[in-house]
Structure formats: C-alpha cells, structure tokens
Amino acid sequence: MLFQRTLHLSKREVDPVSLSPTTMDRMTREQPLSRQEKVKIVSSLLKQAPPEEFCEAFSDLRLLVGDDSLMCQEAASLCALHNKLHFTPVRRKECEVLLTRHNELEEKHFLDSQRQVSFKFDHLRKEASDFQAHPQEDEKGEAWRRALYEGLKAYVSSHYPGGICSVFIKDTAIRKILIACIAGRLHRPSAFWNGLWKSEWTFTLSPTSTSTQVTGTIMVQAHYFEDGNIHLTVCKDVAESLPVTTETQTSQDFVKLLEDADNRFQDGLMEEYQRMSNTHLKAFRRQLPITHSMINWEKIVTAKIVEAPAAQ
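Predicted model only: the values in this text are computed from it and were never measured.

K.L.:
What's the story with the overall build of the chain in this structure? I'm lost.
P.N.:
The number of helices and strands found in the chain is nine helices and eleven strands. Of the roughly 18,700 Å² that the chain leaves accessible, carbon and sulfur atoms contribute 53%.

K.L.:
Can you walk me through the sheet that holds strand β3 (residues 104-106) in this structure?
P.N.:
The pairing of strands in a sheet comes from backbone hydrogen bonds and takes either a parallel or an antiparallel form. In spatial order, the strands read β3-β4-β5-β6; together these four strands make up an open sheet with antiparallel pairing. Edge positions in the open sheet fall to β3 and β6 (127-133), since each of these has one partner strand only. Shown here is a sheet whose adjacent strand axes are inclined to one another by a mean of 35°, direction ignored. The pairing of strand β5 (residues 117-122) with β6 spans five bridges and is antiparallel. Bridge pairing links Asp-122 to Glu-127 in β6.

K.L.:
What is the right way to look at the packing of aromatic side chains in this model?
P.N.:
Centre distance and the angle of the planes are the two values used to describe a pair of aromatic rings. Here the structure, examined in full by the defined rule, presents eight aromatic pairs. Where Phe-192 meets Phe-225, the ring centres are 6.0 Å apart and the plane angle is 85°; that geometry is what we call edge-to-face. Remark: Phe-225 occurs in the loop between β10 (211-224) and β11 (230-243) and Phe-192 occurs in the loop between β8 (176-188) and β9 (193-205); sequence separation between them is 33 residues. The class of Phe-192 is partly exposed, set by a relative accessible area of 33%. When its relative accessible area of 26% is taken as the criterion, Phe-225 is described as partly exposed. With 5.5 Å between their ring centres and 50° between their planes, Phe-203 and Phe-254 make a pair best called tilted. Pair noted here: Phe-203 is in strand β9 and Phe-254 is in helix α7 (residues 247-278), with a separation of 51 residues, a long-range link. A network of ring pairs unites the aromatic residues Tyr-155, Tyr-160, Trp-197 and Phe-265 as a single cluster. One cation-aromatic arrangement involves Lys-198 over Phe-87; the distance from NZ or CZ to the ring centre is 4.5 Å.

K.L.:
What is the right way to look at helix α4 (residues 54-65) in this model?
P.N.:
Along an α-helix, residues three or four apart share an orientation, since each turn contains 3.6 residues. Taking 1.5 Å of rise per residue, the twelve residues of α4 would be expected to cover 16 Å, and the 16 Å separating its terminal C-alpha atoms lies within 8% of that figure. Every buried residue of α4 is listed here: Phe-54, Ala-57, Phe-58 and Leu-61. One face of α4 carries all of its buried residues, which in axial projection span an arc of 100°. Facing away from the buried side of α4, by more than 90 degrees, are the exposed residues Cys-55 and Leu-63. Where α4 is buried, its residues contact α3 (35-47) and α5 (68-85).

K.L.:
Hey, could you run me through the pattern of salt bridges in this one?
P.N.:
When the charged atoms of two side chains with opposite charge come close together, those side chains can pair. Tallying each qualifying case throughout the model produces 15 salt bridges. Asp-67 serves as the salt-bridge partner of Lys-38, at 3.8 Å between the closest nitrogen and oxygen. Pair noted here: Lys-38 is in helix α3 and Asp-67 is in the loop between α4 and α5, with a separation of 29 residues, a long-range link. A relative accessible area of 22% places Lys-38 in the partly exposed class. Residue class for Asp-67 comes out partly exposed when judged on its relative accessible area of 23%.

K.L.:
I tried to follow the sheet that holds β10 on my own but got confused; where do I start?
P.N.:
The five strands lie next to each other as β7-β8-β9-β10-β11, forming an open sheet whose pairing is antiparallel. Only two strands of the sheet have a single partner each, and these edge strands are β7 (164-171) and β11. The average angle at which neighbouring strand axes cross in this sheet is 15°, direction not considered. In terms of strand pairing, β9 meets β10 through ten bridges, oriented antiparallel. When the bridges of β10 are listed, Trp-201 appears paired with Gly-216. Set on the sheet, helix α6 (residues 139-159) makes contact with β7, β8 and β9; between it and β7 the angle comes to about 160°.

What counts and what doesn't
- Residues numbered from 1 in each chain as written.
- Predicted model: local features only at pLDDT ≥ 70, side-chain atom pairs only at ≥ 80, totals over all residues.
- Heavy atoms only, no water.
- Helix = DSSP H or I, 4+ residues; strand = E, 2+ residues; numbered from the N terminus.
- Areas by Shrake-Rupley, 256 points an atom, 1.4 Å probe, with all protein chains shown as cover.
- Pairing = 2+ DSSP bridges.
- Axes fitted to C-alpha atoms, helices over the stretch in contact; angles between N-to-C directions.
- Phe/Tyr/Trp six-rings, centres within 6.5 Å; stacked < 30°, edge-to-face > 60°.
- Buried < 20%, exposed > 50% of the residue type's maximum accessible area, 1.4 Å probe, protein only.
- Lys NZ or Arg CZ within 6 Å of the ring centre and 35° of its normal.
- Expected span 1.5 Å × (residues − 1).
- Arc of directions from axis to C-beta.
- Contact = heavy atoms within 4.5 Å.
- Salt bridge = Lys/Arg side-chain N within 4 Å of Asp/Glu carboxyl O.

Rendered as structure tokens:
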C-alpha cells in the first residue's frame, strides 16, 4: 500500500521554532519569559508534535514550562490547533469527517458536508456531540462536491488503509471553491513508531470554466522512538491544470491527477531514502570491531569466571 510503504521514508524538514532576537537574548540571559512568549514557544513546538502524540508532548512541555496555570488555560486551544492541523478524523454513527479549518463553523463546531450534519467537538476528550441537521442550499455546487467525494473516496479506500477523505465547498458571488482533504495514519506505539500522510487540494469553478488550476500540499510525518528519537517531516507543493467538463469526468481527472502526484512524491521519497541510507544514516551506524562480528554483551555479562585452583 502507498501509505504503508512510505511512513519511514522522508527527509528532515521540521520547521524550527520561530523566536525573535529579543526572545533569544532573554533566554540566553536566563531572564523569565512573558506569558505571551511562553505560549508562542509552546504552540510552535506542539505544531510539530507527531500525530497521536499530542498528550505526551503536552505533558513534557508542561514539566519544562513549569507553569500549570498557563498550560491548563491554553490546553484546549492548543489541542484544537493540533487537531485541525493534523486532520484529526471523527468517526461516529452520525458522521465521518476530518477536522480542518475549512469545515469549522464556529468555536468547537464543525460540519460534515457529506452527511449534512453539524456537531460540537471536545478537542481534549475527542468527543463529538450535539448533532444537528445542516442541509446544503446550493444544489449545483453540492452535485460537484458529491461527485468529487465519491471519486476520491474510492481512491482513498484502495491506497490509504484506514484513511478518510472530506470534500468541502465554499461559494462566492462569481465562483465555487472546492477543497479536498485526505488523511491516513498508522499508530503503532508497541512497535515504537507512528506516521501520518495527509494532503490538501483546492481548485475553483466558474460558470465559464473549461479548465482550472489545482493547487495542493502533500505532507508525510513519521516518528520512530525505539532506542532513539527520529522525527521526520517532508512536504511538497503541487500545481497542475485540470480540464473542466462534467461533474463525473472532472472528478475522475482530478483523482488521476492526485494519484500521479502521490506516486511522484513517493518515488522521490524512495530515492531520497536511498541517498540518506548511503550517507547520513550510514554515519550513525556503529562500526563492527576488527573481528567483523557482533559482540554478545549478554554472554559477557552473565559469564562466570572460573579460577583454576592453585598448584599444590
């Protein structure tokens, strides 16, 4: 599977924490940071927290910051930011959708366009409640959205184990904006790794459109933490032209465009991983001793030294 093959293949492009020279100078001089500066640093670090590991990262930062009052007050907003940034899935009987900034109606309320329901989401408990009917008024726009969703769902089902896709539409006076979001994640704490493959795609439609520009961003995050801590993130921006015909044909062309972009991205990761294996990762490996064999440390530790009795 596409997602399963590439979780561990990426190059390091983790965004550094953005700190102003003033903040850096104050940290160097061991002067206390203001509340606003602490929140900024914590928020920047939590944005880079691996998927499914927000609680662990938050607990570690709580100890480092040493300000429980601040962390407790900011917990809900920081968790909400993390959930929307990582396309956290919501799977309930009433809905199946990704949490994103595109379907946020108001604070803690989101829309499932496919089921046409809105709901309240508790980001800390990860619980959905208060489901309400939310019908779409634009029938023409909804036809385009549904056609795109159906085509995308078939692709996601065959390439992303356990993955979810969501398609949203925003209507303006002169055009319709379609946004497709995909997220597939594997969480294996017992095997000391987890990862996320997500992508976001946008294009616009107008009454006279014969083609449109599709822009997208693909991101892969992986975290491996057995006897070490490797956190890899790689992103790629995509821009392609898409012909606009009927809802069904345009949907098929869009899925083909997306699949080609995914495959090129994966091929690039494979090539990059091979280069890293022969260079950077090779430098991390411990060299074998002169005997060119592994040392059995367990045997050495448990071995008994037997002293020969002294000659009479």
